[in-house]
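Here are the chains, one letter per residue:
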Number of protein chains: 2
Amino acid sequence: MEARSRKIGSLAGVRIVDLSQFEAGPSCTEALAWLGAEVVKVENPNGGEQSRRAFARESNKDSWYFLQFNANKKSVTANIKSPEGLALVKELAKRADVFIENMAPGTIERLGLGYEELRPLNPRLIYAQVKGFGEGTPYENFLSFDPIAQAMGGIMSVSGEAGSRPIKPGPGLGDTGTGMLLAISILAALYEAKSTGKGQRIQVAMEDACKHYIRLAWAHTSGTGEACGRYGPKALGGRTAPQGVFRCKGGGPNDYAYIMCHAAMPEHWERLLDVIGRPDLKGDPRFATAAARRDNEDEVNALVESWTLRHDKYTVMKALGDAGIPCGAVRDTLEMINDPDLVRRGIMQYADHPEYGPYKMVGWPVRHDGATPKLEPAPLLGQHNEDVYASWLGLGAGDIAALRERGVI
Amino acid sequence: MEARSRKIGSLAGVRIVDLSQFEAGPSCTEALAWLGAEVVKVENPNGGEQSRRAFARESNKDSWYFLQFNANKKSVTANIKSPEGLALVKELAKRADVFIENMAPGTIERLGLGYEELRPLNPRLIYAQVKGFGEGTPYENFLSFDPIAQAMGGIMSVSGEAGSRPIKPGPGLGDTGTGMLLAISILAALYEAKSTGKGQRIQVAMEDACKHYIRLAWAHTSGTGEACGRYGPKALGGRTAPQGVFRCKGGGPNDYAYIMCHAAMPEHWERLLDVIGRPDLKGDPRFATAAARRDNEDEVNALVESWTLRHDKYTVMKALGDAGIPCGAVRDTLEMINDPDLVRRGIMQYADHPEYGPYKMVGWPVRHDGATPKLEPAPLLGQHNEDVYASWLGLGAGDIAALRERGVI
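Residues numbered from 1 in each chain as written. Chains lettered and ligands numbered in written order. Predicted model: local features only at pLDDT ≥ 70, side-chain atom pairs only at ≥ 80, totals over all residues.

Visitor: Help me understand the pairing of strand β8 (residues 243-247) of chain A, please; the structure alone is not making it clear to me.
Guide: Regular strands show a simple pattern: their side chains alternate between the two faces of the sheet. All names here are of chain A. Extensive coverage of β8 is indicated by the burial of 4 of its 5 residues. Pairing geometry for β8 and strand β9 (residues 256-260), over 5 bridges, is antiparallel. Directly across from Val245, in β9, lies its bridge partner Tyr258. (Buried ≥ 20, exposed ≤ 12 C-beta atoms within 10 Å, placed from the backbone. Helix = DSSP H or I, 4+ residues; strand = E, 2+ residues; numbered from the N terminus. Pairing = 2+ DSSP bridges.)

In structure tokens:
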């Protein structure tokens, strides 16, 4: 079988000092690690980054959460509340291309690692920060978490059933959504610094990053002067039929197929009538145009569902897809984690973790010359002290042992 | 007032030939354009990229949708179904750093612009493609759109009310979510090519990109061996209380505040009791621990909501935020588009469009040295024919007029 994952070296030589925690920052640096950057997590020697244990199911193992967001990284320890530990981190920052943090407002400055502190030490340093709320807003000092960013950023207002309360979508837009935008800006800054040797300061607020992911809702509001609403399973605007989730055989919580007949592509509906065995309805004025189908949406949906209910979701998907009608099964995480096809394609990969043994997770899904980046497990706390303190700072085994002895690392 | 947006030149000199359409590809190249790349949309002379008109509300103007995803780009026309038009695009590709497309499976190859065709012309070219379904799956030739990718990628299975049907979240994860991952991979490849002069092929499937945004759900499944479910307004896992949307004064569809007392931070609940005027309940065994609050969630929520219903959402947010309790108002797109604070911070910007005049939209939310990238309006069809064909290919005014005459551009 063709190798579907391999080490990607596009960012080889890029050094990142990572003081970020939980998801927004770590998702950003993990993307860079997958693409070849040397990402060094700097963690407190006493327990390490909070998410190692905060979400753990077993007290003696790192959490699955931590494993998701910290693959392919290195870990060193440093007690930054001690002068020696702080000095160590500054030495790392002097030799880095990127420094990143997402602590609560004001914390990094209080620790003595603010932008004004580090900039003079390393003019080529890209200093990246995630904030919850925008700087200069009345809320800039408030605590934020992913759902709060999704509320303030407008995402929740356009997610949920029409006429019902807003829901928080499953995806972590406030966290990973932010992390991806930050990664793009950092990469652009790295590209620039490769020529100029000059760094810059990069900041993003989670509430603002969320606004970027609902551009259809902005277009709706610009065009209509109205707030965009919630449309349940339909696309924002919700103007086509059939479009949405249709129940399939099985009756489980995810036994649904998503079916959409594009308003601008009338052939989809005609094809669908053939598949569901109702070619007699071609030309029926109740359904003949996109506008008619919208007006008779309940009838349209009942017609389609009377057929989908008789087949499982993959059969529905295959029949419609083969006939040129946009359709997809609603898949859950358990069926996907057990799908050998994802492993075969390198989307889901195995790695060997010291605490868990071989485990499986979704890696970076973009292929470079046919292969996805190879997954390496998240590091144990301080796993790379010797490696990094030696190769970055030239410390010997004795120096490192002494630092450990004194509780600095 | 301090300038909060300015032209960002991090990617100055990077040339991108953009044959992409709708959202997944255009959101990617727009991010690169905001950061300084020269993105040239190549469009058919007869109407241009489909989304200019497909979603238009007025037949003589480009759609608001198009404006959202094509800011800061250039537009040239070329009839790639004519040999002369095809040759023109190949000449552009010879001089480009990046070529990108997201057409239906097989289309770009049929047009004569496949990877094998372009690679020999320009060894440093980064050739980027978006697919709907993964190559090598039984579905690789099926049509896909954003909601279908969200269904197949697992997002819908974790979005919606518990016990109800899946919904499609408002954010365009299948589209913009994919575009952002592609941008990261392209930028890494550009960084590499800056040293090596060598390009590469980059591909991503929308269904796979969606899997990247639900890492909490994967962690849940790895930890429990169960599919992750739907949790309405709560974070995936849904194990804390109070957490979710609480009705506020006003009663409108978005008169809600998001409130969460972190399970690992017991002080949140005690602070909340003070704010809502119930310090007498501190220590009450029904609510004293995270586990107790979870067991008595209905009572907890009723207690909190009896207070939030008496105040508008911003008052609730301010009172809780000031007291150190994570909280955010659920904001809709209309209130945000009218919020002068977003303009002041450079998150929302005005641009002057030839058809609409001055208009307002959310730009790239990441700040570079304190400023967001300046918004320039989406181009009119063929607006940059003279500019690009002259500066990239050295064509004179006469050559360009002749091409136009012959219907090539």
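Visitor: Before we go on, may I ask you to explain the relation of the copies chain A and chain B in this structure?
Guide: Note that the two copies of the chain are related through a rotation about an axis and a translation along the same axis. After a rotation of 180° and a shift along the axis of 0.0 Å, chain A superposes on chain B with an RMSD of 0.0 Å. Viewed as a symmetry operation, the transformation between the two copies matches a two-fold axis. An overlap of 100% is found between the interface residues of chain A and their copies at the interface of chain B, pointing to a shared contact surface. (Least-squares fit on C-alpha atoms with pLDDT ≥ 70 in both. Contact = placed C-beta atoms within 7 Å.)

Visitor: I tried to follow helix α1 (residues 24-34) of chain A on my own but got confused; where do I start?
Guide: Residues and elements named next belong to chain A. For α1, a buried count of 11 out of 11 residues is recorded, marking the element as mostly surrounded by other parts of the structure. Looking only at α1, the buried set comprises Ala24, Gly25, Pro26, Ser27, Cys28, Thr29, Glu30, Ala31, Leu32, Ala33 and Trp34. A positive phi of about 115° marks Gly36, the residue just after α1.

Visitor: Where do I start with the interface of chain A and chain B in this structure?
Guide: Accessible area lost when the parts come together is the quantity often used to give the size of an interface. Between chain A and chain B, the contact holds 113 residues from the first and 113 residues from the second. Looking at the side of chain A that touches chain B, the element that brings in the most residues is helix α8 (residues 173-196) of chain A, giving 15 residues. Of the residues assigned to the side of chain A that touches chain B, the class counts are 66 nonpolar, 28 polar and 19 charged. The sheet contact formed by strand β7 (residues 201-205) of chain A and strand β13 (residues 367-368) of chain B spans 2 bridges and is antiparallel. For A:Gln203, the partnering residue across the bridge sits in β13(B) and is B:Arg367. (Nonpolar A, V, L, I, M, F, W, Y, C, P; charged D, E, K, R; others polar.)

Visitor: Whenever I open this one, the sheet that holds strand β7 (residues 201-205) of chain B confuses me. Can you help?
Guide: The strands making up a sheet associate through backbone hydrogen bonding, with each pair oriented either parallel or antiparallel. With mixed pairing, the 7 strands of this open sheet are ordered in space as β13(A)-β7(B)-β6(B)-β5(B)-β2(B)-β3(B)-β4(B). In the strand order of this sheet, the two ends are held by β13 (367-368) of chain A together with β4 (74-77) of chain B, each with one partner. For strand β3 (residues 38-43) of chain B and β4(B), the ladder comprises 4 bridges, and the chain directions are parallel. In the sheet register, B:Glu43 faces β4(B), and the bridge partner there is B:Thr77. Sheet strands touched by helix α8 (residues 173-196) of chain B: β13 of chain A together with β5 (98-101), β6 (126-131) and β7 of chain B. Its angle to β6(B), the strand with the most contacts, is close to 165°. On top of the sheet, helix α17 (residues 385-393) of chain B reaches β3 and β4 of chain B; it is set at about 85° to β4(B), its chief contact. (Axes fitted to C-alpha atoms, helices over the stretch in contact; angles between N-to-C directions.)

Visitor: Whenever I open this one, the domain arrangement of chain A confuses me. Can you help?
Guide: Here the domain parsing of chain A yields domain 1 (5-213 + 349-405) and domain 2 (243-335). With centres defined by C-alpha atoms, the gap from domain 1 of chain A to domain 2 of chain A works out at 43 Å. (Domains from an automatic or database assignment.)

Visitor: Before we go on, may I ask you to explain the packing of α8(A) against α8(B) in this structure?
Guide: Geometry of a packed helix pair, given as the angle between the helix axes and the separation of the axes. α8(B) packs onto α8(A) with a crossing angle of 15° between their chain directions and a minimal axis gap of 9 Å. By the angle between their axes, α8(A) is roughly parallel relative to α8(B). Judged by the sense of rotation from one axis to the other, the crossing of α8(A) with α8(B) is left-handed. Contact residues: A:Met180, A:Leu181, A:Ala183, A:Ile184, A:Leu187, A:Ala188, A:Leu190, A:Tyr191 and A:Lys194 in α8(A); B:Met180, B:Leu181, B:Ala183, B:Ile184, B:Leu187, B:Ala188, B:Leu190, B:Tyr191 and B:Lys194 in α8(B). When its residues are assigned to classes, the contact of α8(A) with α8(B) shows 16 nonpolar, no polar and 2 charged. (Parallel < 35°, antiparallel > 145°, perpendicular 65-115°, else oblique. Left-handed = near helix turned anticlockwise from the far one by under 90°.)

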